Amino acid sequence: MNKIISIVLTLILMIIVTACSIEVDANVKKQQDNKIIVTGELTKEESDELLLNSDLLPVGTVIQIKGLEDKLMIIGLMQMRDGDKSTLYDYSAVLYPEGLINSDENYLFDKDQIVRVYHCGYIDDEGRAYHEKIIELRDEYYNSQGEK
């Protein structure tokens, strides 16, 4: 059973990486000092596919949630509000492009509240391993709570 779960989680993470890839030639701009920056954003179709086919989005992903016009950048996965350990949220985020201004401006929300992904954050082998572990811990939490 654990082997099946590991295979499924690996496949999900592979989908995340594939969905996060963007056409680099169209979205890369070189600055005068030869630094490379990615300037493009995901299309609405790419955003919809990513939301449909991924379990968790990586840290650094820029999104928009229902009821908020501002963009947010994901800074944490599987978060709880200080003083309330009874509710687990999929993500914590800060305003984009401002970043963390003060600790009171940290947004907590679940994946089903995301309406658009503008840019997918970086993920490597270490990030994939972390995602696997966090998904495992999340599932254990929900199984113990009888939720989601």
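The paragraphs below set out a description of the structure included in this document. Everything numeric in this text was worked out from a predicted model, so none of it was measured. (Residues numbered from 1 in each chain as written. Predicted model: local features only at pLDDT ≥ 70, side-chain atom pairs only at ≥ 80, totals over all residues. Heavy atoms only, no water.)

**Considerations on the environment of Glu-46**
Condition: Segments assigned H or I by DSSP are reported as helices when at least four residues long, segments assigned E as strands when at least two residues long, and all are numbered from the N terminus. Burial status follows relative accessibility: with a 1.4 Å probe on protein chains alone, a residue under 20% of its type maximum counts as buried, one over 50% as exposed, and anything between as partly exposed. For this analysis, a polar contact is any N or O atom pair within 3.5 Å, provided that within protein one partner can donate a hydrogen and the other can accept it, and provided that sequence-adjacent residues contribute only side-chain to side-chain pairs.
Of note, Glu-46 is situated in helix H3 (residues 44–53). Accessibility expressed as a relative area gives 32% for Glu-46, which makes it partly exposed. Counting along the chain gives 73 residues from Glu-46 to His-119, while the straight-line C-alpha distance between them is 9.9 Å. Of the polar contacts made by the side chain of Glu-46, one reaches the backbone nitrogen of Thr-43; its length is 2.8 Å.

**Section: the packing of aromatic side chains**
Filter applied, for reference: Note on aromatic contacts: the rings of Phe and Tyr and the six-membered ring of Trp form a pair at centre separations within 6.5 Å, being stacked when their planes are under 30 degrees apart, edge-to-face when over 60 apart, and tilted otherwise. Here, a charge over a ring means that NZ of Lys or CZ of Arg falls within 6 Å of the ring centre while also lying within 35 degrees of the ring normal.
Within the structure shown, the criterion is met by 2 aromatic pairs. Considering the side-chain rings of Tyr-141 and Tyr-142, the 5.4 Å spacing of their centres and the 65° angle between planes classify their relative orientation as edge-to-face. For the pair formed by Tyr-141 and Tyr-142, the shared burial category is buried. In this structure, Lys-71 is placed above the aromatic ring of Tyr-118, and the distance from its NZ or CZ to the ring centre is 4.3 Å.

**Here we look at the environment of Gln-145**
Positionally, Gln-145 belongs in helix H4 (residues 125–145). Of the residues examined, Gln-145 reaches a relative accessible area of 40% and is grouped as partly exposed. Distance in space between the C-alpha atoms of Gln-145 and Ser-86 is 9.0 Å, their sequence separation being 59 residues.

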